[in-house]
Amino acid sequence: MEETDKAAKITQKERRRIEVQKRKFRLEQERVLKPGECNKYLKAVIHNKITEELAGSRIIQKLTELDMKAEISSSVTPNTITWKRQMNQKIITEEGNIIQFDDVEKDEPYLLIILMADEFAKAVKENQLMNIVQSAQELCPMELQSTILVVYGLKNFCRKNKNKIGMKETEIKLTQLQMLANCSHRLHETPDDLALTVSQISKAIAEEPFKSKQNHKIDQEQLYLSGDVKVNVVDNDPDSYARLWNAQLNCLPKVTFDVAQSISKEYSMPRKLIEAYKTCDNKNQMLADIQIIKTGPLSKYRRIGPELSKKIATLLTSSNPEDLL
């Protein structure tokens, strides 16, 4: 009997040890993803042409300040920067033992291309800019999430070489890159600006797993449409749906509680407001003349007005993600 109790105590002690080990393991895994700490596990792979002809020393200095590594490469793709993440290869067994494997490097799905202004102008004139970007993308070992083209010294180049490259022509080519190759662009004139951009992009890549995990955590939680107003919808209770509709409106920019009540009085549910927009000739001004409901002896007559009416219409009806409110 005593031996059985002793074995049970040992088992219980072993279970506690395993739980402690697992907790330490989880904390370590979370720690290496945190902003600042994650920088140590990211390495920028910089083509040697960038370090020889551009602000290579400034770029490396900026990365060093962020505790990031830099590697000079002579890959077949010139003028590019890619990134690798050092993976902490550990697993924990059911017995609570941690097994350490050799560290491996994982390619990150991001690509930065840097072109000097004369190279960019030549590519635009010869209609080769798309080919340059797509060729660099095809040489990457994984499917890219984002490509950024940096043009260095374009303003100074255009100042010294007037009529060498047209503004309209340049804008068309850069727009084609964004639409057809998922490639955004930036224009820089100084080594400091170029180095700062590389460091900012590197920092964002390093923190991406942590930010994604945080966003996923938020998505899994129960969110409310207004910070301090928690609305519970009860079936077959029209008042609860009305409160929810008011809370939704209250979340829109510059829509106060009084404005939300005034809109919901005219359009008692979202469907009615959307349908009204579909049949209205001037949807931007559809809500402008609605009187705002105010209470109290000092309340004055006020309308929603054309500006706020336009903002609400844009938010609820626009299909263009670039529209500004």
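Report follows, based on the coordinates. (Residues numbered from 1 in each chain as written. Predicted model: local features only at pLDDT ≥ 70, side-chain atom pairs only at ≥ 80, totals over all residues. Heavy atoms only, no water.)

Glancing now at the layout of surface pockets. In this structure, the largest pocket spans a volume of roughly 290 Å³. Around the largest pocket, the lining comprises 20 residues; the ones closest to its centre are Ser-75, Thr-77, Thr-80, Thr-82 and Pro-141. Counting residues per element, the lining of the largest pocket draws most heavily on strand 3 (residues 80-87), at four residues. In terms of residue class, the lining of the largest pocket is made up of eleven nonpolar, six polar and three charged. (1 Å grid on protein atoms, 1.4 Å probe; cavity = no way out; pocket = protein on both sides within 12 Å on 5 of 7 lines; lining within 4 Å. Points joined across faces, edges and corners; volume = space filled by probe spheres on them. Helix = DSSP H or I, 4+ residues; strand = E, 2+ residues; numbered from the N terminus. Nonpolar A, V, L, I, M, F, W, Y, C, P; charged D, E, K, R; others polar.)

On to a nonpolar patch on the surface. A contiguous nonpolar surface patch, about 200 Å² in accessible area, is contributed by Ile-274, Leu-315 and Leu-316. By the secondary structure assignment, Ile-274 is in helix 11 (residues 270-279). (Patch = residues over 30% accessible without salt bridge, like charges linked within 9 Å, V, L, I, M, F, W, Y side chains within 5 Å. Areas by Shrake-Rupley, 256 points an atom, 1.4 Å probe, with all protein chains shown as cover. Salt bridge = Lys/Arg side-chain N within 4 Å of Asp/Glu carboxyl O.)

Formed by 24 residues in total, the largest nonpolar core has its most connected members in Ile-59, Ile-81, Trp-83, Leu-112, Ile-114 and Leu-194. For this core, the secondary structure elements donating two or more residues are strand 1 (42-47), helix 3 (56-65), strand 3, strand 7 (110-116), strand 8 (146-152) and helix 8 (191-220). By residue number, the principal contributor to this core is helix 8, which donates six residues. The next biggest cluster of nonpolar side chains, apart from the first, holds 23 residues, and it includes Phe-120, Leu-129, Ile-165 and Ala-181. (Core = buried A, V, L, I, M, F, W, Y, C linked by side-chain atoms within 4.5 Å. Buried < 20%, exposed > 50% of the residue type's maximum accessible area, 1.4 Å probe, protein only.)

Moving on, we come to empty space enclosed by the protein. Under the criterion given, the structure shown has two cavities of 30 Å³ or more. In this structure, the second largest cavity encloses a volume near 30 Å³. Forming the boundary of the second largest cavity are Lys-49, Ile-50, Glu-53, Leu-54, Asn-79, Ile-114, Leu-115, Met-116 and Glu-119. Elements with a contribution of two residues or more to the lining of the second largest cavity: helix 2 (48-53) and strand 7. The class makeup of the residues in the lining of the second largest cavity is five nonpolar, one polar and three charged.

Opposite charge on two side chains permits pairing when their charged atoms draw close. Across all of its chains, the model carries 13 salt bridges by this definition. We note a salt bridge from Glu-37 to Lys-40, for which the minimum N-O separation is 3.4 Å. We classify Lys-40 as partly exposed; its relative accessible area is 37%. Shared partners join several salt bridges into a network, and the residues in it are Lys-43, Glu-71 and Glu-105.

Once that is clear, we can look at the packing of helix 4 (residues 117-125) against helix 7 (residues 167-180). It is at 10 Å that the axes of helix 4 and helix 7 come closest, and there the two elements cross at 85°. Here helix 7 runs roughly perpendicular to helix 4, going by the angle between their axes. Here Phe-120, Val-124 and Lys-125 of helix 4 lie close against helix 7, whose contacting residues are Glu-169, Thr-170, Lys-173 and Leu-174. Of the residues belonging to the contact of helix 4 with helix 7, the class tally is three nonpolar, one polar and three charged. (Axes fitted to C-alpha atoms, helices over the stretch in contact; angles between N-to-C directions. Parallel < 35°, antiparallel > 145°, perpendicular 65-115°, else oblique. Contact = heavy atoms within 4.5 Å.)

With that settled, consider the pairing of strand 1. Look at any regular strand and the pattern is simple: side chains alternate between the two faces of the sheet. For strand 1, the buried fraction is high: six of the six residues fall into the buried class. Here strand 1 shows no split at all, with Leu-42, Ala-44 and Ile-46 on one side and Lys-43, Val-45 and His-47 on the other all buried. Here five bridges tie strand 1 to strand 3, and the two strands are oriented antiparallel to one another. Directly across from Val-45, in strand 3, lies its bridge partner Thr-82. Sheet analysis places strand 1 next to strand 2 (residues 69-73), joined by five bridges and oriented parallel. In the sheet register, Val-45 faces strand 2, and the bridge partner there is Glu-71. (Pairing = 2+ DSSP bridges.)

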